[in-house]
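Coordinate inspection notes
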Amino acid sequence: MTGSTLAPEDLGTAATGTLDEARVEAFAGRLFELYTGGMLTFMVDIGHRTGLFAAAAAGPATSAELAGRADLQERYVREWLGAMVTGGIVEHDPATGTYRLPPEHAACLTGTGSSNLAAFSRLDTHLAKHVDAVALAFREGGGVPYAAFRPEFTDVMDALGRGTFDELLVDAYLPLVPGLDARLAAGARVADVGCGTGRAMVLLAAAYPASTFIGYDLADDAVARARSEAAAAGLANARFEVRDAAGLTVERPLDVVFVFDAIHDQVDPAAVLGRIHAALAPGGTFVMVEPRVSSDLAGNLANPLAPMLYSVSTLHCLTVSLAGGGAGLGAAWGEELARSMLADAGFGDVVVHEAPGDPLNAVFVASKPGA
Ligand SMILES: C[S@@+](CC[C@H](N)C(=O)[O-])C[C@H]1O[C@@H](n2cnc3c(N)ncnc32)[C@H](O)[C@@H]1O
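Conventions used here
- Residues numbered from 1 in each chain as written.
- Predicted model: local features only at pLDDT ≥ 70, side-chain atom pairs only at ≥ 80, totals over all residues.
- Heavy atoms only, no water.
- Patch = residues over 30% accessible without salt bridge, like charges linked within 9 Å, V, L, I, M, F, W, Y side chains within 5 Å.
- Areas by Shrake-Rupley, 256 points an atom, 1.4 Å probe, with all protein chains shown as cover.
- Salt bridge = Lys/Arg side-chain N within 4 Å of Asp/Glu carboxyl O.
- Helix = DSSP H or I, 4+ residues; strand = E, 2+ residues; numbered from the N terminus.
- Expected span 1.5 Å × (residues − 1).
- Buried < 20%, exposed > 50% of the residue type's maximum accessible area, 1.4 Å probe, protein only.
- Arc of directions from axis to C-beta.
- Lys, Arg positive; Asp, Glu negative; His and termini not counted.
- Polar contact = N/O pair within 3.5 Å; in protein donor to acceptor, adjacent residues only side chain to side chain.
- Contact = heavy atoms within 4.5 Å.
- Pairing = 2+ DSSP bridges.
- Axes fitted to C-alpha atoms, helices over the stretch in contact; angles between N-to-C directions.

Here we come to a nonpolar patch on the surface. A cluster of nonpolar side chains, namely Phe32, Leu34 and Tyr35, defines an oily patch on the protein surface of about 350 Å² accessible area. Residue placement: Phe32 occurs in helix H2 (residues 21-50).

Printed below as a string of structure tokens:
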């Protein structure tokens, strides 16, 4: 070698003779498991989008029957079934030529609630489209801006969050904050910063008619969807604004601010936390849902979801922040750094809960002193 840059073939020859061949073989096998999982994820996405899981959940069927149920082309369905069967998702009975989605698998792949994990596959499909651009940013710096992920990102986030919000927001998240249900019932001013398509505010506005709700988001497509959903539900107490949270000001102080998964990807997260603190009335409550990880890589080694979190961060959360010349916290900024940044913003008293029904996230509950 003449330069400092190692080519892959240099690494291969340099290492020959010192390798534990069994370990090489095991690792090669693991790589193919990963690649297989990646491909199967795309197949899960197709099953979700096309309604094939719902069709299969209706009972055992041949590929032609399944194609008929979902109004799809049989040849594609049969190939997809090949992936599903060999991937351990669907069972096949060669004697009858039928395919069966076990009810335990259907429980994770169908339905409108938070237990339907099929929509998660869309995150992979979506982010895969940005690998080229993010890889370029590794070399050149900067990042891929939020706008490049729209409008698909809006749909993906809506699909990921809707089931959880519908099922758990009122019944499981709100009870984490003592007295919150009573405050909302009595009438409070509430905001959701980085609200996306606004599902959380729409649900709360319907549940608590005496309170007023406002959602802020940078994305006009997300805000438009939030507005039309609130209008369709006839909610006069929910509104939505396209607004950069880094410049957030309010005419009248807020009693409660929610942020769901929207601090770590900020260009200037410290400014946003400061703005939220300033916007709250004394005694106001800040509820922040963010990934449940350690700020220290070593603290995440035993977390089976950590590789996904760091990967999603690389392909989205980190890059959107760096694209704006931002802090680049990344999704794995972790509890320790979150507590420290919350304290810097004025939130000294923070209680952290596991997020109900969501192993990826934690709920940080903080109050503004001075009630
Ligand atoms: C990961 S998504 C979460 C969306 C939604 N809260 C949910 O849980 O489905 C982050 C959201 O924050 C919004 N966002 C990012 N930076 C923002 C800023 N500075 N001001 C307002 N919204 C912002 C994005 O447009 C996006 O909709």
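Here we come to the environment of Arg252. Tracing the backbone through its elements, the reader meets Arg252 in the loop between strand S5 (238-242) and strand S6 (254-260). With 121 residues separating them along the chain, Arg252 and Val131 place their C-alpha atoms 43 Å apart.

This paragraph deals with helix H13 (residues 220-232). With 13 residues, H13 extends 18 Å between its outermost C-alpha atoms, agreeing within 8% with the 18 Å of an ideal straight helix rising 1.5 Å per residue. Turning to H13, its buried residues are Ala222, Val223, Ala226, Glu229 and Ala230. When H13 is viewed along its axis, its buried side chains cluster within an angular range of 125 degrees and face the same direction. Those residues of H13 that are exposed and aimed more than 90 degrees away from the buried face are Asp220, Ala231 and Ala232. Where H13 terminates, the next one or two residues include Gly234, which has phi positive at roughly 70 degrees.

For the rest of this paragraph, the subject is the side chain of Lys368. Structurally, Lys368 can be placed in the segment after strand S9 (361-367). There is no salt bridge for the buried Lys368, and the closest opposite charge comes from Asp255, which lies 11 Å off by N-O distance. Within polar-contact distance, the side chain of Lys368 engages the backbone oxygen of His277 at 2.8 Å. Among residues more than four places away in sequence, those in contact with Lys368 are His277, Ala278, Leu280, Ala281, Pro282, Gly283, Gly284 and Phe347.

Spatially, S5-S4-S3-S6-S7-S9-S8 is the arrangement adopted by the seven strands of the open sheet, whose pairing is mixed. Each edge of the open sheet carries a strand with a single partner, namely S5 and strand S8 (350-354). Neighbour-to-neighbour, the strand axes of the sheet open up by a mean angle of 20 degrees, direction not taken into account. Relative to S9, S8 is paired through five bridges, and the arrangement is antiparallel. Of the residues in S9, the one forming a bridge with Val350 is Ala366. Contacts from helix H12 (residues 199-207) reach strand S3 (189-193), strand S4 (212-217), S5 and S6 within the one sheet, and its direction differs from that of S4 by about 175 degrees.

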